[in-house]
Amino acid sequence: MKVDMLVTDVRVYNSYFKRFTKGNVAIKDGKFFYIGDRGAEYFEASHVLAGDGSYMVPGLIDIHLHIESTMVTPATFSYGLIRNGVTTIVPEPHEMANVFGLSGVKEMIRASESCEVDMFYSIPSSVPATSMETTGGDIGIGEIDELLRTERIKCLGEIMNFYEIITEAPSKTNAILDHMNREHPELIIEGHVPKLLDLELQQVAFAGVHSDHTHQTVEGMEQRMAAGMFVEIQEKSMTPEVMEYLISQPVDELFCFITDDVMADSFTERGHLNVLLKKAIAMGMTPEMAIYACTYTPAQRMRMYDRGSIAPSKVADFLLVSDLETFEINEVYKAGRRVFDVNQSYIQAEPIRAFPEPFYKSVDLAELSLDDFTMESGKADGAYTCRVIQVKNGSTFTEEVHRSVKSSEGRLQWEGSGLAQIATFSRYGTDSRAHGLIAGDIIKSGAFATTYSHDNHNLLVVGHSPEDMMLAANEVIRKQGGVCCVDGGEILSMLELPVGGILSEDKLECVSEQVGQVTASLKAMGYEHYNVIMSLSTLSLPVSPALKITDRGLIDVNGGRVVPLIVE
């Protein structure tokens, strides 16, 4: 019998029994054809691959991530994924959607069509994430319906404004959910529901949101699973307590591992979804269970029934691994074709200009002056209690704390107070801006500015002196996006992100090096965080607790409202 490939003498992972069995594997037309004892005496193969006792594992599948978080294009992202054994992803491009709306989503999909990795998209459901910020695009019911008709879509992306759901307020979020449940009742709806428990959590599930990928505790995770929600475990949720629960309880079908956001330097230095797989094994999960949670359950969650296992008719995406404990990948195959070999050079192709011209001219904001960093108090001389964003290492959540700050001649005297200023400016042609105060595990000198600020991607500036803040901000504006660090009037590092103000078209290694330089600069200025870039970029994310800032003002996330800087 003729086949395209015969892989001999491998230990094949069987997803249905969660175990490895020795045998041979025949591949035909890019799909698995046969798994068993029959070999070259039965199959006439165009190519025979000696497995030499290697472990054959399905290609890894990541169903919740944002390509834009790595600050590279889909083609560059695909290059990074392949060498880490990831062959299928379901990205949600809500960062680009916040900048360009429907066209941002479509252009990300177009840029993915020729990629080695299969990219099935998730429709951004929360663009903008709230009504308390300015963005360059809006995704509503009309845009969602158009994408469902015309694009390769797997689900509705993370519903983030849980406050609108639990208050049952007439809102865009509730209108979208009502429409989906009525017109597209079979569509998978993904969720973003940090810290919710009991009634509030079940209100979200009742509305049709049946997953969560945010930071988990054992209590919260168990409540989600009990409510029929699928839990997507990212690395920050892999605490000893959470892992012990996943290992000891019969919840194999109720979770998978996902990456969500991976910085470019981590991508090149550590890896991708394979990092979580290896970490799970190191924390006591059996290799068979860890593989299951990176292949089979994510495929089932997204109803991708043609992949995620090694069985007849499934897409022949697989890895060859010599040792399960270290999970070092020797070879990667996509639809039966080898796309990575650890013993051969694997070099990224020269990037091309992949987006329409307007995507390179998206920062519509005039250069700033020192006056733009004056903090008006509107108060008589005296000391006033102010709300302060408190950053704490270990989480991208912040806290609201109160500090006394003097006002003189109608201006807050924040310099030298031990607090830094945080300001955000609309980059979409409007004169909307806000100023606040920030403290905690952040920079202790200098300033940084960035348009890589979730999810609105307005210009975010944090600093201890107006002069440094102005210099950093204007450098980002001139470069049409990026991250700039300044201290003492000197530019320490600059990561240029000219595509939509959030992506680079440089090679992955180049972007990684630049991200490393920016991270080093921020740490040298005193920023203390396990993920510095993600911490600073989510200071403007008004759906991530507890106190954040947008161009409309300080946001009490749990209360779903804009609050004044000075406590009345």
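Since this is a predicted model, take the numbers as computed values, not measurements.

About the cut-offs
Residues numbered from 1 in each chain as written. Predicted model: local features only at pLDDT ≥ 70, side-chain atom pairs only at ≥ 80, totals over all residues. Heavy atoms only, no water. UniProt positions renumbered as here; feature names shortened; annotations may be inferred. Helix = DSSP H or I, 4+ residues; strand = E, 2+ residues; numbered from the N terminus. Domains from an automatic or database assignment. Contact = heavy atoms within 4.5 Å. Buried area = accessible area lost by both parts, 1.4 Å probe. Salt bridge = Lys/Arg side-chain N within 4 Å of Asp/Glu carboxyl O. Expected span 1.5 Å × (residues − 1). Buried < 20%, exposed > 50% of the residue type's maximum accessible area, 1.4 Å probe, protein only. Axes fitted to C-alpha atoms, helices over the stretch in contact; angles between N-to-C directions. Parallel < 35°, antiparallel > 145°, perpendicular 65-115°, else oblique. Left-handed = near helix turned anticlockwise from the far one by under 90°. Nonpolar A, V, L, I, M, F, W, Y, C, P; charged D, E, K, R; others polar. Phe/Tyr/Trp six-rings, centres within 6.5 Å; stacked < 30°, edge-to-face > 60°. Lys NZ or Arg CZ within 6 Å of the ring centre and 35° of its normal.

**A look at the UniProt feature "domain: Amidohydrolase-related" (unreviewed entry) in the chain**
Part 1: Taking the numbering used here, the UniProt-annotated feature "domain: Amidohydrolase-related" (unreviewed entry) corresponds to residues 55-339.
Part 2: Strand forms 19% of residues 55-339 and helix 39%; the C-alpha atoms that close the span are 17 Å apart.

**Let's talk about the domain arrangement of the chain**
Part 1: One can read the domain layout of the chain as domain 1 (58-307) and domain 2 (357-561).
Part 2: Computed from C-alpha coordinates alone, the two centres of domain 1 and domain 2 are separated by 27 Å.
Part 3: If you look at the interface, domain 1 gives 42 residues, while domain 2 gives 48 residues.
Part 4: With both sides pooled, the region where domain 1 packs onto domain 2 buries about 3600 Å², and carbon together with sulfur makes up 68% of that total.
Part 5: Looking only at domain 1, the three residues that lose the most surface to domain 2 are Met71, Met132 and Thr134, adding up to 21% of its buried area.
Part 6: Where domain 1 meets domain 2, there are 1 salt bridge.

**A few points about helix α14 (residues 508-524)**
Given 3.6 residues per helical turn, the α-helix brings residues three or four places apart onto the same face.
Part 1: For α14, with 17 residues, the first-to-last C-alpha span of 24 Å sits near the 24 Å given by 1.5 Å per residue.
Part 2: For α14, the full list of buried residues reads Leu508, Val511, Ser512, Gln514, Val515, Val518, Thr519, Ser521 and Leu522.

**Overview of unusual backbone geometry**
Part 1: With omega at -15°, the peptide bond leading from His454 into Asp455 counts as cis.
Part 2: Within the secondary structure, Asp455 is located in the loop between β23 (447-450) and β24 (459-463).
Part 3: Each neighbour pair has its own omega, and for Pro545 with Ala546 the value is 5°, a cis peptide bond.
Part 4: Turning to its location among the elements, Ala546 is positioned in the loop between α15 (532-537) and β27 (547-550).
Part 5: A positive phi angle is found at Lys195, which is not glycine, with a value near 70°.
Part 6: The residue Lys195 is located in the loop between β11 (188-191) and α7 (198-206) in this model.

**Quick word on the environment of Gln390**
Part 1: With respect to the helices and strands, the residue Gln390 is situated in strand β18 (residues 382-391).
Part 2: Placed 372 residues apart in sequence, Gln390 and Lys18 show a C-alpha to C-alpha distance of 45 Å.
Part 3: Residue contacts for Gln390: discarding those within four places in its chain leaves Thr398, Glu399, Val401, Arg403, Ala439 and Gly440.

**Let's talk about the packing of helix α3 (residues 102-112) against helix α4 (residues 141-150)**
Part 1: Two elements in contact, α3 and α4, have axes separated by 11 Å at closest approach and are oriented at 20°. With respect to each other, α3 and α4 are oriented roughly parallel. Between α3 and α4 lies a crossing whose hand is right-handed. Listed contacts from α4 to Leu102, Val105 and Lys106 of α3 are Glu143, Glu146, Leu147 and Thr150.
Part 2: Here the contact of α3 with α4 is composed, by residue class, of 3 nonpolar, 1 polar and 3 charged.

**Let's talk about the packing of aromatic side chains**
Part 1: Under the defined criterion, the tally for this structure stands at 17 aromatic pairs.
Part 2: A centroid spacing of 6.0 Å and a plane angle of 45° characterise the contact between Phe32 and Phe318, whose relative ring orientation is tilted. With Phe32 in strand β3 (residues 31-36) and Phe318 in strand β15 (residues 318-321), this pair connects stretches of sequence that are 286 residues apart. A single burial state applies to Phe32 and to Phe318, both of which are buried.
Part 3: Measuring from ring centre to ring centre gives 5.1 Å for Tyr292 and Tyr296, while their planes differ by 25°; the resulting arrangement is stacked. You can see Tyr292 and its partner Tyr296 sitting in helix α12 (residues 287-301), 4 residues apart, about one turn around the helix.
Part 4: According to the relative accessible area criterion, Tyr292 is buried, its value standing at 3%.
Part 5: Site record: aromatic cluster; members linked through ring pairs are Phe33, Tyr34, Tyr42 and Phe43.
Part 6: The aromatic ring of Tyr360 is capped on one face by Arg353, whose charged end is 3.6 Å from the ring centroid.

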